[in-house]
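# Understanding the architecture of this molecule
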Amino acid sequence: MKVVSENKCFGGVQGVYSHQSKATGCDMTFGLFLPEEAQDGPVPVLWYLSGLTCTHENAMVKAGAQGWAAEQGIALVFPDTSPRGDGVADDDAYDLGQGAGFYVNATQDPWQPHFQMWDYVAEELPALVTSEFAIDAERQSITGHSMGGHGALTLAMGLQGRYRSVSAFSPITHPTSSDWGRKQLKAYLGNDEATWARHDATLLMRDVGFDGPVLVDTGTSDQFIDLLKPEALAEAANARRQEATLRLQPGYDHSYFFVSTFMEDHVSFHAEALYN
């Protein structure tokens with residue numbers, strides 16, 4: 001593992017690190033904020049998954065999460081959204097290929113050799129950060145924005161018992177019935193739509209739900225709201241009687257201005273679960 005940078009931040013350290021990934025077959029970069037309490041022993045961790053076109057850096061510099069995490073003594077991990085590099089498949093469209101991994105394990109060419117983002121985020125990166133840093137593997141929660149909100153919800157419901165809480169900002173909630181989803185799932189996983197279901201938060205909510213608290217915020221002025229389909233997740237959660245707070249925030253859009261506005265709420269929400 002290579003240290004790209006380390007900066008003092010709210011009494012702790014905001015680091016950026018790179019490593020050779022076996023899951024993706026290329027170098028991967030991630031951000032990690034460790035609060036001051038990590039100097040004395042392992043701390044709980046909140047995973048933040050970013051959206052389309054983003055890298056590890058977007059939320060790290062725009063979300064305003066470190067200050068709130070420092071108050072709660074919580075680490076933050078900011079993974080990248082896809083494999084990258086000259087030998088990694090890509091597409092001219094912004095919503096497929098590099099920057100658009102959708103947190104799935106691709107089974108189709110040309111994506112299969114590198115686009116194993118489920119394994120990377122679910123297994124390889126957690127093993128790395130818990131072995132190399134003062135992070136408590138027993139106290140993990142997860143959040144994300146847009147495509148990353150989709151990833152947070154599907155990982156939380158797909159890995160029952162891993163995360164104590166899950167939240168999302170403007171998540172893609174029903175990708176099997178959205179243009180932000182069908183294109184990517186077909187490209188990465190093939191034509192058999194039965195294989196798509198485990199990567200659809202609405203279908204997972206109907207089928208298994210989440211054994212813990214859920215918080216989702218979406219802006220009513222989100223320019224992509226018809227692609228996000230917040231009503232589908234709400235209907236599934238209501239039908240299941242899932243413990244969940246699903247909020248529509250008047251006038252907010254899809255930007256990091258929206259994310260940063262409600263970041264304190266989300267970090268506090270996760271802190272309650274992580275320290276319970």
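Residues numbered from 1 in each chain as written. Predicted model: local features only at pLDDT ≥ 70, side-chain atom pairs only at ≥ 80, totals over all residues. Heavy atoms only, no water.

## Some details on the pairing of strand 3 (residues 26–34)
- Strand 3 sits mainly inside the fold: seven of its nine residues count as buried.
- The antiparallel hairpin formed by strand 2 (residues 12–21) and strand 3 contains four residues in its connecting segment, where G25 sits at a positive phi of about 70°.
- In this structure, strand 3 lies alongside strand 5 (residues 75–78), joined through three bridges in antiparallel fashion. Along strand 5, the bridge assignment pairs G31 with F78. (Buried < 20%, exposed > 50% of the residue type's maximum accessible area, 1.4 Å probe, protein only. Helix = DSSP H or I, 4+ residues; strand = E, 2+ residues; numbered from the N terminus. Pairing = 2+ DSSP bridges.)

## Some thoughts on the environment of G99
- Secondary-structure assignment places G99 in the loop between strand 5 and helix 3 (117–132).
- For the pair formed by G99 and D207, sequence separation is 108 residues and the distance between their alpha carbons is 29 Å.
- Setting aside anything within four residues of it in sequence, one finds G99 in contact with G51, L52, T53, C54, T81, S82, R84 and M147. (Contact = heavy atoms within 4.5 Å.)

## A few points about the pairing of strand 1 (residues 2–9)
- Examined bridge by bridge, strand 1 and strand 2 share seven bridges and lie antiparallel to one another. Each residue of the ladder has a partner; that of E6, found in strand 2, is G15.

## Notes on the pattern of salt bridges
- Per the stated rule, a full pass over the model turns up seven salt bridges.
- Across the salt bridge formed by R182 and E193, the nearest N and O atoms sit 2.7 Å from each other. Of this pair, R182 sits in helix 5 (residues 182–189) while E193 is found in the loop between helix 5 and helix 6 (201–207), placing the two residues 11 residues apart along the sequence.
- Given the relative accessible area of 41%, E193 is considered partly exposed.
- Each of the salt bridges in this network shares a partner with another, and the network as a whole consists of D217, R247 and D265. (Salt bridge = Lys/Arg side-chain N within 4 Å of Asp/Glu carboxyl O.)

## Description of helix 2 (residues 65–72)
- Among all positions in helix 2, only A65, Q66, G67, A69 and A70 are buried.
- Summarising the contacts, the buried residues of helix 2 are in contact with strand 1, strand 2, strand 3, helix 1 (57–62), strand 5 and helix 9 (256–274).
- Taken from the residues just after helix 2, G73 is the one with a positive phi, measuring 70°.

## Let's talk about the side chain of T81
- Looking at the element boundaries, T81 is found in the loop between strand 5 and helix 3.
- A distance of 3.4 Å separates a polar atom in the side chain of T81 from a polar atom in the side chain of R84.
- With residues up to four places along the chain from it excluded, the contact list for T81 reads S50, G51, C54, G99, A100, G101, F102, Y103, M117 and M147. (Polar contact = N/O pair within 3.5 Å; in protein donor to acceptor, adjacent residues only side chain to side chain.)

## Points about unusual backbone geometry
- Cis peptide bonds are those with omega within 30 degrees of zero, and the linkage from D109 to P110 qualifies with 5°.
- Structurally, P110 can be placed in the loop between strand 5 and helix 3.
- Phi at S146 is positive, roughly 60°, even though this residue is not glycine.
- Inspection of the secondary structure puts S146 in the loop between strand 6 (135–144) and helix 4 (147–158).
- You can call S146 buried: its relative accessible area is 4%.
- Residue K229 is not a glycine yet carries a positive backbone phi of 55°.
- Structurally, the position occupied by K229 is in the loop between helix 7 (225–228) and helix 8 (230–240).

## Points about the layout of surface pockets
- Of the volumes computed, that of the largest pocket is approximately 190 Å³.
- As for the largest pocket, its lining consists of 14 residues, of which L52, H145, S146, F224 and H254 are closest to the centre.
- Lining the second largest pocket are T173, V216, T218, I225, P230, E231, L233, A234, L246, R247 and L248.
- Of all the elements in the fold, those that place two or more residues in the lining of the second largest pocket are strand 8 (214–219), helix 8 and strand 9 (245–249).
- In terms of residue count, the dominant contributor to the lining of the second largest pocket is helix 8 (four residues).
- Residues that form the lining of the second largest pocket fall into these classes: seven nonpolar, two polar and two charged. (1 Å grid on protein atoms, 1.4 Å probe; cavity = no way out; pocket = protein on both sides within 12 Å on 5 of 7 lines; lining within 4 Å. Points joined across faces, edges and corners; volume = space filled by probe spheres on them. Nonpolar A, V, L, I, M, F, W, Y, C, P; charged D, E, K, R; others polar.)

## Some details on the nonpolar core
- With 63 residues, the main nonpolar core has F30, L32, I142, L155 and Y188 as its most contacted residues.
- Among the elements that take part in this core, helix 3 stands out by supplying eight residues, more than any other.
- V16, A69, F78 and F262 belong to the second-largest nonpolar core, a separate cluster that totals 23 residues. (Core = buried A, V, L, I, M, F, W, Y, C linked by side-chain atoms within 4.5 Å.)

## Regarding the environment of T81
- Residue classification places T81 among the buried residues on the basis of a relative accessible area of 0%.
- Considered as a pair, T81 and H56 are 25 residues apart in the sequence and their alpha carbons are 7.1 Å apart.
- A polar contact of 2.6 Å, which involves the side chain of T81, links it to the backbone oxygen of C54.

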